[in-house]
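What the coordinates show
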Amino acid sequence: MTPMSRREALLTVAALGALAARPVWASNSRNSLPIPHERRPNAQGVIAFDARSATRRFLPSRSTPTYGYDGAFLGPALRVRRGQSVTIDFTNRLPEPTTLHWHGLIIPGDVDGGPHRPVAPGDRWRPTLLVDQPAATLWFHPHFYPSTAAQVIKGLAGLLIVDSDETDRLELPSRWGIDDIPLIIQDRRFRSDGAFFDTMNIITAINGYTGNRPLVNGIEYPEARTARGWVRLRVLDGSNARSYRLSASDSRSLFVIGSDGGLLERPVEVNELIIHAGERFELMVDCRSGKPFDLVTQPEGAAIMRLPPFDAPVRLLTIRPEEAEGKGKLPDVLASLPSLPAEPPAVSQELVMNMFRDEAGMMPLMKAGLTMGMAPAGPVAPEVIARVTRLIEGQPALSIAEQLALNGVNGKAYTLNQPGFTAGRGVGLRWRVSEGDDKMLHPVHIHGCQFRILLENGKPPQPHRAGWKDIAPIMNAGTSELLVSFPHPAAADAPYMAHCHILEHEDSGMMTQFTVA
Ligand code: C2O
Ligand code: CU
Ligand code: CU
């Protein structure tokens with residue numbers, strides 16, 4: 001089909017009112033879902049791996065320069081147990097400095113891998129991590145200021161899975177790649193020479209990365225053959241900026257069993273699930289009938305995020321439950337979470353996400369220019385697609401000085417040596433996160449803890465967002481009040497970070513740092 005007739009076909013479908021999700025790049029042969037290799041500590045308690053540059057074929061006719069952990073793109077799934085002490089033996093074989101951050105792991109500042117722990121090309125870093133927190137799906141990625149976004153785009157990200165005896169006893173589906181399926185959802189945009197588009201220009205620094213190709217574990221629209229039974233999906237939104245609105249193509253229920261930092265108290269049945277950049281949710285899906293389904297994302301987010309193919313439902317992957325009978329169960333009760341204090345402490349810290357361009361009156365103009373002609377929903381007209389694509393891809397890279405001054409927290413753009421604020425150690429604290437006038441989405445992440453969301457815009461969070469979290473999204477001038485607590489210290493030479501997890505915002509100043517003592 002020519003692009004025009006494909007679009008006409010789409011419009012026809014829309015006109016018929018059919019909710020027909022479509023694969024993005026139809027092809028006859030389906031790729032199977034790559035499952036990251038599990039890596040456990042060896043007899044000495046060590047997991048060794050490197051970051052390296054490579055090339056990989058994403059496009060039919062061109063290869064793409066990539067970065068990966070122990071491979072060409074993404075990384076292994078590290079598995080650690082609660083109570084274990086694990087030494088990571090990391091070697092940086094990249095042509096540039098990087099850091100290795102353990103997103104969601106509750107560990108002291110000096111091993112957290114933030115911007116203050118750069119690993120130079122050729123160097124090693126050997127942090128010892130004492131794992132003491134509930135079983136959870138965490139992840140690791142670079143945190144080098146100010147090029148986290150570009151390093152993640154090239155492929156640096158991996159899963160870090162915490163196991164525990166308590167969770168093992170629940171008999172959840174736990175056969176890796178068979179009924180326990182990791183899904184790293186990302187979006188990418190390619191240049192005509194096959195390289196990833198990764199320019200930090202005014203459009204990306206304000207709106208975040210807007211890929212036009214969805215990848216799951218590094219593959220477009222793959223297929224996973226799973227056990228027939230209950231299937232557990234560990235979903236990471238590993239995108240730089242994009243949110244997804246997930247559902248099953250046949251509308252079967254998704255049972256949310258876990259959020260960023262561990263299991264919920266009970267499964268929460270939903271028909272769709274919104275996940276933001278950096279967040280994780282663990283889902284259970286009933287596949288006892290053996291009937292296949294697709295995981296679909298519906299249009300979600302600001303207008304610029306609804307450029308094709310994301311202007312219509314997009315099929316992300318197929319789950320084909322054809323293999324042997326699965327044994328996992330969906331328990332009624334999953335975990336017990338500490339009850340929230342009836343009288344929470346007074347707010348001790350405010351974190352306001354700022355976009356300074358907004359205050360200069362730039363953003364409304366930019367937004368109008370960008371989204372002109374974009375209907376609030378539905379397919380986007382070809383001339384609008386062309387114009388907005390030219391803007392996204394054609395704007396020149398910002399100078400480093402411009403980039404670093406664009407965004408901020410509490411009125412200040414991030415700098416490595418700014419004095420941080422201080423948080424008390426081991427006590428429940430109430431923090432409030434909010435945003436300036438931009439009304440954009442900011443998924444706010446805090447290091448050194450798993451927190452609970454007390455209030456979102458004044459109301460208790462939805463049940464599936466009421467468990468352990470390390471990301472609190474705010475949008476539309478909203479606020480989120482959090483109960484945080486930091487069990488470990490973070491000194492001034494290795495402070496914790498609090499930042500927007502839209503990596504282009506993080507890299508352009510929307511980050512701050514704090515010590516814990
Ligand atoms: Cu996932 Cu400070 O990062
Ligand atoms: Cu983190
Ligand atoms: Cu942001």
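Residues numbered from 1 in each chain as written. Chains lettered and ligands numbered in written order. Predicted model: local features only at pLDDT ≥ 70, side-chain atom pairs only at ≥ 80, totals over all residues. Heavy atoms only, no water.

Residues of the protein chain with pLDDT of at least 70 account for 94%, and the chain-wide mean is 93. For the protein chain, per-element mean pLDDT is lowest for helix H1 (residues 3-16), which scores 36, and highest for strand S9 (residues 136-141), which scores 99. The model gives residues 22-27 a pLDDT under 50, and that stretch makes 18 contacts with residues more than four places away or in other chains. (pLDDT = per-residue confidence, 0-100. Helix = DSSP H or I, 4+ residues; strand = E, 2+ residues; numbered from the N terminus. Contact = heavy atoms within 4.5 Å.)

Before going further, it helps to examine the coordination of the copper ion (ligand 2). The protein atoms that coordinate the copper ion (ligand 2) are His101 (NE2) and His445 (NE2), at distances spanning 1.9 Å. Here His101, found in strand S6 (residues 101-103), pairs with His445, found in strand S26 (residues 442-446); they are 344 residues apart in sequence, far enough to count as distant. Like His445, His101 is buried. (Donors = N, O, S within 2.8 Å, 3.2 Å for Na, K, Ca; no water. Buried < 20%, exposed > 50% of the residue type's maximum accessible area, 1.4 Å probe, protein only.)

What follows deals with the coordination of the copper ion (ligand 3). Here the copper ion (ligand 3) is held by the protein donor atoms His442 (ND1), Cys500 (SG) and His505 (ND1), which lie 2.0 to 2.1 Å from it. The motif formed by the donor residues of the copper ion (ligand 3), counted along the single chain, is H-x57-C-x4-H. Here His442 is found in strand S26, whereas its partner His505 is found in helix H9 (residues 503-506), with 63 residues between them in sequence. Each member of the pair, His442 together with His505, is buried.

As for its placement among the helices and strands, His276 is situated in the loop between strand S18 (273-275) and strand S19 (280-286). Classification of His276 as buried rests on a relative accessible area of 3%. Within polar-contact distance, the side chain of His276 engages the side chain of Ser243 at 2.8 Å. Residues contacting His276, with those up to four places away along its chain left out, are Asp237, Arg242, Ser243, Leu441, Pro443, Pro473 and Met475. (Polar contact = N/O pair within 3.5 Å; in protein donor to acceptor, adjacent residues only side chain to side chain.)

Taking 1.5 Å per residue, 13 residues should reach 18 Å; helix H7 (residues 382-394) reaches 17 Å between its end C-alpha atoms and fits that length. Those residues of H7 not exposed but buried are Val384, Ile385, Val388 and Ile392. Projection of H7 onto a plane perpendicular to its axis shows the buried side chains occupying an angular sector of 100 degrees, all on one side. Pointing more than 90 degrees away from the buried face of H7 are the exposed residues Glu383, Arg390 and Gly394. (Expected span 1.5 Å × (residues − 1). Arc of directions from axis to C-beta.)

Okay, the pattern of salt bridges next. Considering all chains together, one arrives at 43 salt bridges under this definition. With its nearest N and O atoms 3.2 Å apart, the salt bridge here joins Arg432 to Glu481. Of this pair, Arg432 sits in strand S25 (residues 429-435) while Glu481 sits in strand S29 (residues 479-484); the two residues are 49 residues apart in sequence, bridging distant segments of the chain. Several salt bridges converge on common partners, so that one network encompasses Asp260, Glu279, Arg280, Glu456, Arg465, Lys469 and Asp470. (Salt bridge = Lys/Arg side-chain N within 4 Å of Asp/Glu carboxyl O.)

By the criterion of burial, strand S27 (residues 452-456) is predominantly enclosed, with 4 of the 5 residues buried. One ladder, built from 4 bridges, connects S27 with S29; its direction is antiparallel. Looking at S29, one finds that Glu456 is bridged to Ser480. (Pairing = 2+ DSSP bridges.)

Moving on: the packing of aromatic side chains. Tallying each qualifying case throughout the model produces 21 aromatic pairs. With a centroid separation of 5.0 Å and an interplanar angle of 45 degrees, the aromatic rings of Tyr69 and Phe140 are classed as tilted. Remark: Phe140 occurs in strand S9 and Tyr69 occurs in strand S3 (residues 63-69); sequence separation between them is 71 residues. For the pair formed by Tyr69 and Phe140, the shared burial category is buried. Between the aromatic rings of Phe421 and Phe514, the centroid separation amounts to 5.2 Å while the plane-to-plane angle is 15 degrees, which identifies the pairing as stacked. (Phe/Tyr/Trp six-rings, centres within 6.5 Å; stacked < 30°, edge-to-face > 60°.)

Attention now moves to the sheet that holds strand S23 (residues 407-409). The 5 strands lie next to each other as S23-S22-S25-S29-S27, forming an open sheet whose pairing is mixed. Single-partner strands in this sheet number two, and they are S23 and S27. Taken over all neighbouring pairs, the strand axes of this sheet differ in orientation by 20 degrees on average, direction set aside. Judged from the 6 bridges that link them, strand S22 (residues 347-355) and S25 form a sheet pairing that is parallel. Counted as the bridge partner of Val347 is Arg430 from S25. (Axes fitted to C-alpha atoms, helices over the stretch in contact; angles between N-to-C directions.)

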